[in-house]
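So you can see what is in the structure, the chains are spelled out below.
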Amino acid sequence: MTKISMTVDGVRYDDDVEPRTLLVHHLRERLGKIGTVVGCDTSNCGSCTVLLAGKSVKSCTVLAAQADGMDVTTVEGLSTPGGALHPVQQSFHETHALQCGFCTPGMIMAAVDLLNENPDPSDEEIREGLEGNLCRCTGYQNIVRAVQHAASTMRTDVPTTPETAQQSQPAQPGASQEVTT
Ligand code: FES
Ligand code: FES
């Protein structure tokens, strides 16, 4: 067993894990983060995408032990503590960018990373940015539309005071609480 410590959706967790445990299985089975889903387990579909140290990764390609000491954000950590959805989550909802919804957590996490890098992407750049994420329902048109809509919202939603800036931020890992599982 290997002792690891990571901050997931703002909460620190200390655990003993098998060295071979994948991050996605640790998140789901040990920490209960079932919003992150497993579609293929072979790094093809992107449904398991999370942010690791702020960058999107397929969590079935990372060992839990490799995330030791790092911040992880799952789709469950994007909304504010008060429950307000992240603009990308809200936009997927409003523009009907999902059908069965299985690919949606990974699509949203990849889109968040994409918009952090490029706040004003073209449709082509969105398609390129999300090309590692597959949707079996083939809803790509609305997904691109959702990311454009979220980008527009995030560009215009400029906080004017430190207080509103704080309120408008999605929940970020910040060791507000410590949990040993
Ligand atoms: S489950 Fe990780 S890429 Fe498919
Ligand atoms: S909405 Fe069904 S897999 Fe994408």
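The protein chain is annotated in an unreviewed UniProt entry as 2Fe-2S iron-sulfur cluster binding domain-containing protein of Phytoactinopolyspora mesophila.

Student: When you look at the overall build of the protein chain in this model, what are you seeing that I'm missing?
Tutor: Of the regular secondary structure elements, the protein chain holds six helices and six strands. Starting at the N terminus, the α and β elements of the protein chain follow one another as β-β-α-β-β-β-α-α-α-α-α-β. Counting every position in the protein chain, which comprises 181 residues, the buried fraction comes to 43%. A separation threshold of at least 6 residues defines the contact pool for the protein chain, and within that pool the share at least 24 residues apart is 60%. Here the protein chain displays about 9200 Å² of accessible surface, and carbon together with sulfur accounts for 50% of that area.

Student: Honestly, the nonpolar core in this entry has me stumped. Any pointers?
Tutor: A general tendency of soluble globular proteins is for nonpolar side chains to be buried together. One finds Val 88, Phe 92, Met 107, Ile 108, Leu 130, Ile 143 and Val 147 to be the most contacted residues of the largest nonpolar core, which totals 24 residues. Counting residues per element, the ones that place at least two in this core are α2 (87–94), α3 (104–117) and α5 (140–156). When residues in this core are grouped by element, the largest group, eight residues, is from α3. Once residues lying within four places of it in the same chain are set aside, the contact partners of Val 147 are Phe 92, Ala 111, Leu 114, Leu 115, Ile 126 and Leu 130.

Student: Is there a simple way to think about the pairing of strand β3 (residues 49–52) in this case?
Tutor: Put simply, side chains in a regular strand alternate between the two faces of the sheet. Side chains Thr 49 and Leu 51 of β3 all project onto a buried face; the interleaved residues Val 50 and Leu 52 project onto the opposite face, where all are buried too. Inspection of the sheet shows β3 paired to strand β4 (residues 55–58) by four bridges, in the antiparallel sense. Each bridged residue has a counterpart across the sheet, and for Leu 52 the counterpart in β4 is Lys 55. For β3 and strand β5 (residues 71–73), the ladder comprises two bridges, and the chain directions are antiparallel. Following the sheet pairing, Leu 52 is matched in β5 by Val 72.

Student: Can you help me understand the environment of Cys 137 in this one?
Tutor: On the secondary structure map, Cys 137 appears in the loop between α4 (123–129) and α5. On the basis of relative accessibility, which here comes to 23%, the residue Cys 137 falls in the partly exposed class. Each C-alpha atom of the pair Cys 137 and Phe 102 lies 9.1 Å from the other, and the pair is 35 residues apart in sequence. Filtering out sequence-adjacent residues up to four positions away, Cys 137 remains in contact with Gln 99 and Cys 100.

Student: I tried to follow the packing of α2 against α3 on my own but got confused; where do I start?
Tutor: For the pair α2 and α3, interaxial distance at closest approach is 9 Å and the crossing angle is 130°. Relative to α3, the element α2 is oriented oblique. For the crossing formed where α2 meets α3, the hand is right-handed. Judged by residue contacts, Val 88, Gln 89 and Phe 92 of α2 engage Thr 104, Met 107, Ile 108, Ala 111, Val 112 and Leu 115 from α3. By residue class, the composition of the contact of α2 with α3 is seven nonpolar, two polar and no charged.

Student: Looking at this structure, I do not really get helix α1 (residues 23–30). What am I missing?
Tutor: Residues spaced three or four apart along an α-helix face the same direction, because each turn holds 3.6 residues. Every buried residue of α1 is listed here: Leu 23, Val 24, His 26 and Leu 27. All buried residues of α1 fall inside an arc of 165° around its axis, so they share one side. Where α1 is buried, its residues contact β1 (2–8), β2 (11–17), β3 and β5. With its phi angle positive at about 75°, Gly 32 sits one or two positions after the end of α1.

The rules behind each value
Residues numbered from 1 in each chain as written. Chains lettered and ligands numbered in written order. Predicted model: local features only at pLDDT ≥ 70, side-chain atom pairs only at ≥ 80, totals over all residues. Heavy atoms only, no water. Helix = DSSP H or I, 4+ residues; strand = E, 2+ residues; numbered from the N terminus. Buried < 20%, exposed > 50% of the residue type's maximum accessible area, 1.4 Å probe, protein only. Contact = heavy atoms within 4.5 Å. Areas by Shrake-Rupley, 256 points an atom, 1.4 Å probe, with all protein chains shown as cover. Core = buried A, V, L, I, M, F, W, Y, C linked by side-chain atoms within 4.5 Å. Pairing = 2+ DSSP bridges. Axes fitted to C-alpha atoms, helices over the stretch in contact; angles between N-to-C directions. Parallel < 35°, antiparallel > 145°, perpendicular 65-115°, else oblique. Left-handed = near helix turned anticlockwise from the far one by under 90°. Nonpolar A, V, L, I, M, F, W, Y, C, P; charged D, E, K, R; others polar. Arc of directions from axis to C-beta.

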